[in-house]
Amino acid sequence: MARGHHDVGGLPGAGPIDQTEYQLSDWEVLADAVNQALGAKGIKRTDEMRRAREEMDSAAYRDMTYYERWIASIEAILIEKNILTKDEIDRKLREFDAKWGEP
Amino acid sequence: MGRTLNAEVGKFKPGDRVTVKFEDRPGHLRTPWYIRGKTGWIERVHGEFLNPESLAYGRDGLPKKTLYLVAFNQSDIWGRTNNADKLLVDIYEHWLDPAGN
């Protein structure tokens, strides 16, 4: 075992923290809402979301932004709990892509 | 929320010196790497909480674990600093040993 990709506190070379204000995108606000709703319904807990992020592929984790990690964690937990299947999620994504994606 | 705020629980009391276990095992570990193996003191007893290392896998989080606010000298954590500030970390009892053991 080694230190997990999420557990970077105190590692040298990270540089200063960017403290400028960040304007959330609509999808990021929606990601937060979905997360809150799933929590309120007792479908998932914060600790499960953390564990899902820790179990991700390390390269993928590092490439993702904060809310991308949230979305990926939600997807993993919903699949794990047999609430959605990967096929259902992928099918819906293709529908959205056909409707609103780049031509 | 599964929490009991009660300072009259747990085996450590404020002021007790404690060393964080240097454990590394599979699973969701609630204690950050940089503080493992370090020695500090109990600043406050938060109370008993469901165990997040169990909740992380959809289990019930029982038995509850006592959570402490543990203080460390910054210089003991990072070295080469004259910073007199304390570093405060929430740590569960099963991660702590009495200092010196």
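These remarks concern the structure in this document. (Residues numbered from 1 in each chain as written. Chains lettered and ligands numbered in written order. Predicted model: local features only at pLDDT ≥ 70, side-chain atom pairs only at ≥ 80, totals over all residues.)

1. Re helix α2 (residues 46-55) of chain A
An α-helical segment advances 3.6 residues per turn. Residues three or four places apart therefore align on the same side.
Here's step 1: All of the buried residues in α2(A) are A:Asp47, A:Glu48, A:Met49, A:Arg51 and A:Ala52.
Here's step 2: Buried positions along α2(A) lie against α4 (66-80) of chain A together with α1 (52-55) of chain B. (Buried ≥ 20, exposed ≤ 12 C-beta atoms within 10 Å, placed from the backbone. Helix = DSSP H or I, 4+ residues; strand = E, 2+ residues; numbered from the N terminus. Contact = placed C-beta atoms within 7 Å.)

2. Considerations on the nonpolar core
Soluble, globular proteins show a tendency: their nonpolar side chains are buried together.
Residues and elements named next belong to chain B.
Here's step 1: Counting residues in hydrophobic clusters, the biggest one holds twelve residues: Val18, Val20, Val45, Leu67, Tyr68, Val70, Phe72, Val89, Ile91, Tyr92, Trp95 and Leu96.
Here's step 2: In terms of residues, this core owes the most to one element, strand β4 (residues 65-73), which gives four residues.
Here's step 3: Leaving out residues up to four positions away in the same chain, Trp95 has contacts with Val20, Lys21 and Thr31. (Core = buried A, V, L, I, M, F, W, Y, C linked by C-beta atoms within 7 Å.)

3. Let's talk about the packing of α2(A) against α4(A)
Residues and elements named next belong to chain A.
Here's step 1: As a packed pair, α2 and α4 sit with axes 9 Å apart at the nearest point and diverge in direction by 105°. Judged by the angle between their axes, α2 and α4 are roughly perpendicular. Contact residues: α2 offers Glu48, Met49, Ala52 and Arg53, while α4 offers Arg69, Ser73, Ala76 and Ile77.
Here's step 2: Among the residues making up the contact of α2 with α4, the classes are represented as four nonpolar, one polar and three charged. (Axes fitted to C-alpha atoms, helices over the stretch in contact; angles between N-to-C directions. Parallel < 35°, antiparallel > 145°, perpendicular 65-115°, else oblique. Nonpolar A, V, L, I, M, F, W, Y, C, P; charged D, E, K, R; others polar.)

4. Remarks on unusual backbone geometry
Here's step 1: A cis amide bond, omega -5°, links B:Leu62 with the succeeding residue B:Pro63.
Here's step 2: As for its position among the elements, B:Pro63 is in the loop between α1 and β4.
Here's step 3: Positive phi values are uncommon outside glycine, yet A:Asn82 reaches one of about 60°.
Here's step 4: Within the element layout of this structure, A:Asn82 appears in the loop between α4 and α5 (86-100).

5. Points about the environment of A:Asp87
Here's step 1: Residue position: A:Asp87 is located in helix α5.
Here's step 2: Residue class for A:Asp87 comes out exposed when judged on the 9 C-beta atoms lying within 10 Å of it.

Note that all results are geometric; they support no functional claim without further evidence.
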